[in-house]
Amino acid sequence: MKRAVPTLIAATVGFVLVIAFFIPATQSWGETAVVWFNILAGVAFILGGGNLVKVQLETISARRKGYGYAIVTLAAFFAMLAFGLLKIGVHPQAQYPLHPWAGPHDAPSSPFGWMYEYIFSPITATMFASLAFYVASAAFRAFRAKNVEAILLLGTAFLVLVGNTAIARITDALPESLAFLRLDSIVANLMTYLSTGAWRAITIGIAIGVAATSLRVLLGIDRPYLGRT
Amino acid sequence: MLKFLEQLDRRVAFLLMGLAVAIPILFPLPLSYKPSPLAQSAFDAIDRLPDGSKVVFSFDYDPASSGELQPMSNALVYHCARKRHKLYFMALWAPGKTICTETIATVLLKYRPDAAYGEDYVELGYQSGNEGVIKIAATDLRQQYKTDIKGTPLEAIPMMEGVNNLQAMDLLITISAGYPGSKEWVQYFSTPFPRTRMITGTTGVQSVSLYPYIPNQIAGMLGAIKGAAEYETIVNEQYPVNGKPVPELGEGQRRMGPQLVAHMLMVSLILLGNAIFFMQRKARREGRR
Amino acid sequence: MSRSTMVWLVVFLLGAAGLATNLVVRPKGFGLAYVHDEPVRRVEVTVGPPIGADANEPTETKWVEAGGPELDRPNVSRTTTPEVSWIEESQVTPAKAWDEMQGDPSYRLSLKHTLGIWVAAFFTLAVLSFLWRDNPVYKFAESVIVGVSAAYWMLNAFWATLVPNLIQPLFPKFVQSWAMPGTTGEASDFWFVTLVPLTFAVMLLLRLSPKGGWIAAWPLAFVIGTTAGMKLVSHVQADFLSMLSGSVLPLYATDAQGRFELGTSIGNFVLIVGLLSVLTYFFFSVEHRGTIGKFARLGVWFLMVSFGAAFAFTVMGRITLLSERLEFLFSDWLWLIDPKGAHTAMGLLFSIR
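Residues numbered from 1 in each chain as written. Chains lettered and ligands numbered in written order. Predicted model: local features only at pLDDT ≥ 70, side-chain atom pairs only at ≥ 80, totals over all residues. Heavy atoms only, no water.

Undergrad: Before we go on, may I ask you to explain the overall build of chain C in this structure?
TA: Summing up its helical and strand segments, chain C has nine helices and five strands in all. For chain C, the sequential pattern of α-helices and β-strands runs α-β-β-β-β-α-β-α-α-α-α-α-α-α. A compact globule built from 353 residues would reach a C-alpha radius of gyration of about 20 Å, whereas chain C, at 32 Å, exceeds it by more than 25%. On the principal axes, the C-alpha backbone points of chain C span a range of 90 × 70 × 70 Å. Scored against the burial criterion, the 353 residues of chain C give a buried share of 48%. At a minimum sequence separation of 6, the contacts of chain C that also span at least 24 residues come to 49%. (Helix = DSSP H or I, 4+ residues; strand = E, 2+ residues; numbered from the N terminus. Rg over C-alpha atoms; globule rule 2.2 N^0.38 Å. Buried < 20%, exposed > 50% of the residue type's maximum accessible area, 1.4 Å probe, protein only. Contact = heavy atoms within 4.5 Å.)

In structure tokens form, the structure reads like this:
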């Protein structure tokens, strides 16, 4: 029961989706499955939130190192949750003025919108932006032209780095007959032909891998949903 | 000297990078751009459609990638507004919905103040499910989207009449920061339903992996900030306001200044790093003798 | 005093001095946010059939703007429901606010948003402080974002997908009276089908309980099965077949007029060689020796070229994100620059442009 039912569910729904693609009459079966899938994707976020609370509470109750930060995380989580769930400071939609609960939970003037704009936005954006510093450090310390492969990698990176800037326009001075030597057309050709050939092979390789893995799931050979139990 | 360079703190590289980006922001450089064929084909895909065509515009990114992608969204929405296309906005990323509403306020309504909600544009908003949302929207939109973001049922929205799925669209535009995004749109929509052409704006990180789909599965692409700057240039030339560039369409070009200086820094750091490497190797060889 | 404390002290003092100078050279201040208050007044009306039309046509009840043009139409009349009004606040640029503020009190300085800009600046600097080394301020920002983003995604999924697609079909009347007044409130013929995802949802949430974990395997099997079914078809179609057919390119390429195009022909040849050699490198069933080995090595070179390009594009992306952040600090917070024409004319330091 613990193993057979999940295997059956996975195989059935998987094959329904494959069949729905080929037989138009069964398309609506596939659609129903996908609608449920999207609902469960939403539930997964709730599971994620629940799990976060669980882990943080464990950290706090065990007084593990850094449990103070766990308190901060929980406070931030519950503040955001309360603002958004109770729609605090949200006005109704103009066409339904008697339904305050129908207003947008993320209105910019609400506390939820405020936390999105001034906490969520700047922190995530700066975290991504900090990587610019690490690539600079990596460029200095890690990129060494040790062999042919490394030289090719560095050489291409070099060309594309320079070719993508405004400075590449210096080569616009080259006559029309030598237009293919202009930096921007070198980069364009490099991207369109050289790099694309390789990347198509990678894409094909991944596609075969994904198709094989999916088939193994549908046939019940791989059962990742059973976990370690 | 060699010893000093070898032991250079990584924070020196950090500082240099910070300055390389900060200085050109404080003192902007006057630069100009030549549109690449890819940006031009994205422009043509929108421009050659008859005015008032149906365009689905998906905001598949969050504030973390706005620096790269927002200039594209602004320029593309502006271009669609000037072409008076009917815009169906949606989002595979939750923050995309908020960013979409802001873009409508700052660009669409400013340059097309007569645009009526529900007739010229509609915001369908975010739905969870990633590629599942694309899959269902491609064949039966209303199973997923019951109402727009204002709570109006789709049946009551004039421009949704006859639109049961995305196959009714003439063009798909997706601005994408990763998963789910351009790749999933290609896999679940533009490949199985090739009538609707697709153009995409994308971050530098995933640009290279999207080239393989050009030109059959993706008609045009704006890759990273350079793509954004190029698109701004084309649109500002073709659709200026009172003969002048559009103020909202300068963000991409502005960021090309820091990009230039920082790229030059990267090139210098790689060169310097390698010079040290070869000097060390030489010293080691001499030492062995 | 340790070296680290010293560095922080110097940074803080410099920062404080900078802020103080900025305040002196900028009489209108900086890091301020302004809003515009707009009253929203809604009245309920009944809309009858247009004059001259069949009088038996149904009337419609809806809400319109008080004092709006719709109220003047002959077939529109107000109901007895009292007017509902509230104030909608929207952010405006400081420049716009200063222009309008003189005679119009609905433009005002917003403490909430001003505080927001300073909080955003604080968090931006807090994350950047990690570049020096890990520190409590960074850890604080990190803890905050973990909590905030978990709740953010959870609520968006709840309001956008779960309410309309899970709760509404099961409790249409309740949802209509609560969060979705636009819906009819009537159950569909197949409402009971939604019990399946509801059951799965409950089972999935049981993963949180210490004992019921195994039951979550059912919904997980559903999710993984659906993913596999979707991916199997899409990857084969979009990433395998289309990719192959897209790579069947002419080695003797011609333009629209039928003239030979050398550049495209060479390009196509290179693309095909790249594709085949990389595929050969990925093909492990044959030993990479002799000609095949050399061809596979060529594949590695192609891969290196594409990785180099990917690296360069990634660098470009990260630098752009950094410039967006610095632009926020310099423009929205410190008002040192004003690329969007949003606030003061330049201060003393950066007046030359």
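Undergrad: Whenever I open this one, the packing of aromatic side chains confuses me. Can you help?
TA: Given two aromatic rings, one states the distance between the centres and the angle between the planes to describe the pair. What the rule picks out here adds up to 44 aromatic pairs over all chains. Between the aromatic rings of phenylalanine 21 of chain A and phenylalanine 22 of chain A, the centroid separation amounts to 5.1 Å while the plane-to-plane angle is 85°, which identifies the pairing as edge-to-face. Phenylalanine 21 of chain A gets classed as partly exposed once you look at its relative accessible area, which sits at 32%. An angle of 35° between the planes, with centres 5.2 Å apart, marks the rings of phenylalanine 200 of chain C and phenylalanine 222 of chain C as tilted. Taken together, the positions of phenylalanine 200 of chain C in helix H6 (residues 195–205) and phenylalanine 222 of chain C in helix H7 (residues 217–246) put the pair 22 residues apart, joining distant regions of the chain. These aromatic residues form a ring-pair network of at least three members: Phe45, Phe112, Tyr116 and Phe120 of chain A, Tyr126 of chain B together with Tyr152 and Trp153 of chain C. (Phe/Tyr/Trp six-rings, centres within 6.5 Å; stacked < 30°, edge-to-face > 60°.)

Undergrad: Could you clarify how one ought to interpret empty space enclosed by the protein in this entry?
TA: One water molecule sets the probe size; rolling that probe over the atoms shows where empty space is left. If you walk through the whole model with that rule in mind, you get two cavities of 30 Å³ or more. There is about 410 Å³ of room inside the largest cavity. Counting only elements with at least two residues in the lining of the largest cavity, the list comes to strand S3 (121–126) of chain B together with helix H4 (136–170) of chain C. Counting residues per element, the lining of the largest cavity draws most heavily on H4 of chain C, which supplies five residues. Along the lines of polarity and charge, the residues of the lining of the largest cavity split into 14 nonpolar, eight polar and five charged. Taken as a whole, the second largest cavity holds about 30 Å³ of empty space. Secondary-structure elements contributing two or more residues to the lining of the second largest cavity are strand S2 (86–91), helix H5 (94–111) and S3 of chain B. Among the residues forming the lining of the second largest cavity, the class breakdown is five nonpolar, two polar and two charged. (1 Å grid on protein atoms, 1.4 Å probe; cavity = no way out; pocket = protein on both sides within 12 Å on 5 of 7 lines; lining within 4 Å. Points joined across faces, edges and corners; volume = space filled by probe spheres on them. Nonpolar A, V, L, I, M, F, W, Y, C, P; charged D, E, K, R; others polar.)

Undergrad: Can you walk me through the confidence of the model for chain C in this structure?
TA: Should pLDDT be low for a region, the predicted coordinates there are not to be read in detail. Confidence in the prediction of chain C, expressed as mean pLDDT, is 91, and 97% of residues score 70 or more. Within chain C, the lowest mean pLDDT, 87, falls on helix H1 (residues 3–25) of chain C, and the highest, 97, falls on helix H3 (residues 111–128) of chain C. (pLDDT = per-residue confidence, 0-100.)

Undergrad: It is not clear to me how the state of the cysteines should be interpreted in this structure. Could you clarify?
TA: Residues and elements named next belong to chain B. Going through the model one piece at a time under the given rule, you end up with zero disulfides over all chains. Here cysteine 80 is not disulfide-linked; the sulfur of cysteine 100 is the nearest cysteine sulfur, at 12 Å. For cysteine 80, a relative accessible area of 0% translates into the label buried. Relative accessible area serves as the criterion here: at 3%, cysteine 100 is assigned to the buried category. (Disulfide = S-S within 2.5 Å.)

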